[in-house]
Amino acid sequence: MTLFSKSELEAVSSVLISGSQSKPETVLASVALSHLCEPGDTFMGRLFEKMGSLALLAALVERLDEAGMGERLGQDFVQELEDAYEQQFSQLWTNATERWCPRLSKNQAIESVDQIAALGGKLVGWNCEEYPQGLNDLDAGKPPVIWLLGNPELLADVPRVSVVGTRSSNRYGTSVAADISAVAVQNRIVTVSGGAIGIDAVVHQSTLALEGDTIAVMAGGLGKLYPSTNLQLLRRIAQTGLLVAEQPPAVSVSKWRFLMRNRLIAALGDATVVVQAGRTSGALSTAKHALSIHRPVAMVPGPIDSAFSVGCHDFLNANLEHDVQLLARPQALPSLLGMGSEQIIATAGLGALEKRALDAFSDQGMQAWEVQRLAGLTVKETQIALGSLVLSGHVEREGTHYVKLTK
Amino acid sequence: MALAISHSISLQGLDGKVVSVEVDISAQLPAFVLVGLPDASLSEATARVRAACGNSGFNFPSQKILVNLSPASVPKSGSSFDLAIAIGVLAAMGVVSATELAGMCLIGELALDGKVQPVLGVLPMLLSARNAGLRIAVVPESNLAEANLVDGIDVLGCSSLLQLVNYLKSEGQLVRQVSQPVDSASRNAAPQLLDLSQVVGQDEAVGGLIVAAAGGHHISMIGAPGSGKTMLAERLPTILPRLSIEESLEVAAVESIVGMARLERGLSLQPRFQAPHHSASVAAIIGGGNSLPKPGAVSKAHHGVLFLDEAPEFQVNVLEALRESLESGQVQVNRSAGSATFPAQFQLVLAANPCPCGNYGVIGKDCRCGVLRRRRYGARLSGPLRDRLDIRLDIQPISVSAVAGLATGVTTSAQALEKVTSARMAAAERLNAWGYTRNAQMPGPILKANFNPGRKAIAQLDRHLAAGKTSMRGYDRCLRVAWTIADLEGATSPTAEHVFQAVTLRGPDQLMGEE
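*Asks:* Report on the overall build of chain A, specifying residues and quantitative values.
*Replies:* Each helix and strand counted, chain A has 20 helices and 11 strands in total. Considering only intrachain contacts with a sequence separation of at least 6, the fraction spanning at least 24 residues in chain A is 71%.

See below:
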């Protein structure tokens, strides 16, 4: 059965990340499915993992009844679903088709693909190779498709930290968020946040100001950026960082979508830091999601009489048996991510000159001419390499000597 | 006639004032009295003048001769008034006509036999005389070359009192000499005793020196004794652009008052090199003098290089006193008999051993200094002074291969000067609108606001600053040096590589790891 025409498939190919090996029809099927369900629909996720997006879509297009669907899924899997949801499969399937089928529209899927193409963005289906590893921890709750605007490389295997907090932050929170972002940039850690006002905006802004990489996860579609007060910031992120959404471009935000979006923030970061949170702050839901997928979570302390920090303190107390810590100072961020000294000495991002110079270092301090001779560089090259290494924090100059840092 | 007036010049620093020498001869007990705040050297003029006149055949009358130096409230000093006093007395005696003396300035010291001796400060004196509207200047013949540098005043040289008297009686001539205004040998960097190519195996330091010359940056050099710090510093003037005529005149005026002017072949356009010893006093470095202000080493190094070898060994107050001139390009010297302002725009080169014994960090040698001792040594150079040093060069002991003549990349002074000159032209063109000529002069705020090399080039430096690892001043210095490197390489704006190189050339905030 052919669900899609050739031209439709070509349209999809154009918005896949260049070099992707994914099949356009499975991706387009995922796009169609993503229009059917609300975020975090685990029932669809389970079917999806069992059958693949193309077969699931075909089953829905054919309007299979529960008997036909049960046959395709096999007796064991049906049993598994019944156990998981404590409902009869017939009931589960009827409910699901009642939810999904009214939305079934091929045109909508094609339109969304056209829209992301018009925005200059990309999309990644859940079965694509480029699908971020972190999101797989959401198991059946992971989004069928994520929509991207900006630099998709930020989703590759690089260290990321989610920094979130209240939208009504005060000066303390703002300055701490900026410090944490600075430490992240220094250690080449990508910051992830929600693009909202308050702490989120500070995180994105500080990271960009220091020429670091930042990811903003949107609750709505990329064609309807929200909040409008942050429109300029979000556009800058789209240029030098990355905007991520699980909703198709034309979808507006809703309260439910905000809460579900938080699970993506938690899953994209290797750890989550909550800078400031009131008693009912949404940032705490991000922390909860992070704990549920066993990611380290850190709370920034505040004055105990501050309404801005009470959520952080309470969360810390309530989850002492889980992996929640106090972030005592911004510099502790790399260790929160399990980054030791090797990570800091990592030569990622260094040029050839710098690597050669760094290789020449022994454990003892060296003078510039020794580095030059051992690395076989010219005077000028040595000066450039050493200057660059000093700025990147790989070596430090102590008087006449350069010392390799191994903190 | 019993009253006559002649004119001379009294110098206060570089600033000269016209002094009227009024002579009155009256019938009282015979005496020769000089009034008008003369100092000891000037008071002795009466003895010299009486003897010189007598030996030239003009015996003083047995009357009271009163000489007043007007304005009488300004302290005066030196032997250069001798000629004016003698001629004033002779005019009052009627030997020469007093009307001849109007608009004429007389400068010179008299020997007892009537010969006219050379004096100090002729150049600034004549500049002041011209500016005060005097038309004729009579100077010692030996000072003629120097005096001729001043335009707009008729300069005559005389060798004896008698010759001058004859000239004033229209019975003889004085010497007029057309001398060369500029020493042509100093115009170009002709082969000299000192050349950059004589420095072998110090490519890094030579490169840094060229950057310093191109941007006018103050530098520090740290290195073991005998590693060639002095050798490098001495060659800095050979790669600095030649002085302009005005600059050269400013320098010559300073040299004239301290007797260092060598103007027989005309003005020298070579930038000067001053290397005072580390035992020097504040007065020797900044300026001083017994009662009247005299310029110090900073002014003698005006438009040139001031080299302080063994900088931490200088008295702390000497080093601190440098700050004013580094800031303003001039020094004000205050003494009991008045104050004077001298120009002092020099390029500072500080040299220091890595530690008091000099062996710290030197391969094959043991340093005997404790940590505290080393720390104290470096701390003698205060933060504000170090803030002024844009470039820091680590001078390495010369390598065996370099000694064996295997070293490559020998740059001659002429080659370096060419690069420096074109870099300075690029900088001057760019900075013209702000009234500066060299990158080193740029204040940080103007630099950051108008000469930002672009995010790509300074992103890493910005991060370093944001992380608190670079001070704002250090940041500015990196930026200044990066611009100079870009100018040297003919780039329109510094690249990231230029910034990296600048970070290395600028060195750490501390000088010897003492903090």
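*Asks:* Describe in detail the pairing of strand β15 (residues 330–335) of chain B, supporting the description with residues and values.
*Replies:* Residues and elements named next belong to chain B. With six bridges connecting them, β15 and strand β16 (residues 338–343) associate as antiparallel partners. Looking at β16, one finds that N334 is bridged to S339. Once β15 ends, the chain turns through two residues before running back antiparallel as β16.

*Asks:* Now, about the sheet that holds strand β6 (residues 242–245) of chain A: what can you tell me, with residues and values included?
*Replies:* Residue and element names in this part refer to chain A. With respect to topology, nine strands assemble into an open sheet ordered β1-β2-β6-β5-β4-β3-β7-β8-β9, the strand pairing being mixed. One side of each edge strand has no neighbouring strand; the edge strands of this open sheet are β1 (122–125) and β9 (324–326). Across the sheet, the mean angle separating the axes of adjacent strands is 25° when strand polarity is ignored. As paired strands, strand β3 (residues 160–164) and strand β7 (residues 271–274) are joined by four bridges and run parallel to one another. Its bridge partner being in β7, V161 is matched across the sheet by A271.

*Asks:* Lay out the interface of chain B and chain A in plain terms, naming residues and giving numbers.
*Replies:* In this complex, chain B contributes 28 residues to the contact, which on the side of chain A involves 23 residues. Sorting the residues of the side of chain B that touches chain A by element identifies α7 (203–215), α18 (455–466) and α20 (496–506) of chain B as the ones contributing at least two each. It is α18(B) that contributes the most residues to the side of chain B that touches chain A, eight residues altogether.

*Asks:* I'd like a description of the packing of helix α5 (residues 66–73) of chain A against helix α7 (residues 89–100) of chain A, backed by residues and values.
*Replies:* Residues and elements named next belong to chain A. In the contact formed by α5 and α7, the axes pass within 10 Å of each other and the chain directions differ by 110°. Of the possible angle classes, the one that applies to α5 and α7 is roughly perpendicular. Contact residues: E66, M69 and G70 in α5; F89, S90, W93 and T94 in α7. Its residues placed into classes, the contact of α5 with α7 shows three nonpolar, three polar and one charged.

*Asks:* Describe in detail helix α9 (residues 245–258) of chain B, supporting the description with residues and values.
*Replies:* Here α9(B) contains 14 residues, and its C-alpha end-to-end distance of 20 Å stays within 8% of the 20 Å for a straight helix at 1.5 Å per residue. For α9(B), the elements touching its buried residues are β1 (3–12), α4 (122–131), α5 (144–147), β13 (294–295), α11 (297–300) and β16 of chain B.

*Asks:* An account of unusual backbone geometry is needed here, citing residue identities and associated values.
*Replies:* Residues apart from glycine generally show negative phi values, whereas peptide bonds are mostly found in trans. Cis geometry marks the peptide bond from A:Y226 to A:P227; its omega dihedral reads -5°. Of note, the amide linkage connecting B:S70 to B:P71 takes the cis form, showing an omega dihedral of 5°. Position of B:P71 relative to the elements: it lies in the loop between β4 (64–70) and α3 (82–92). Positive phi, normally seen in glycine, also occurs at B:S170, with a value near 60°. Secondary-structure assignment places B:S170 in the loop between α6 (161–168) and α7. Accessibility expressed as a C-beta count within 10 Å gives 10 for B:S170, which makes it exposed. Even without being glycine, B:H303 reaches a positive phi, approximately 60°. Here B:H303 shows up in the loop between α11 and β14 (305–308).

What counts, and at which threshold
Residues numbered from 1 in each chain as written. Chains lettered and ligands numbered in written order. Predicted model: local features only at pLDDT ≥ 70, side-chain atom pairs only at ≥ 80, totals over all residues. Helix = DSSP H or I, 4+ residues; strand = E, 2+ residues; numbered from the N terminus. Contact = placed C-beta atoms within 7 Å. Pairing = 2+ DSSP bridges. Axes fitted to C-alpha atoms, helices over the stretch in contact; angles between N-to-C directions. Parallel < 35°, antiparallel > 145°, perpendicular 65-115°, else oblique. Nonpolar A, V, L, I, M, F, W, Y, C, P; charged D, E, K, R; others polar. Expected span 1.5 Å × (residues − 1). Buried ≥ 20, exposed ≤ 12 C-beta atoms within 10 Å, placed from the backbone.

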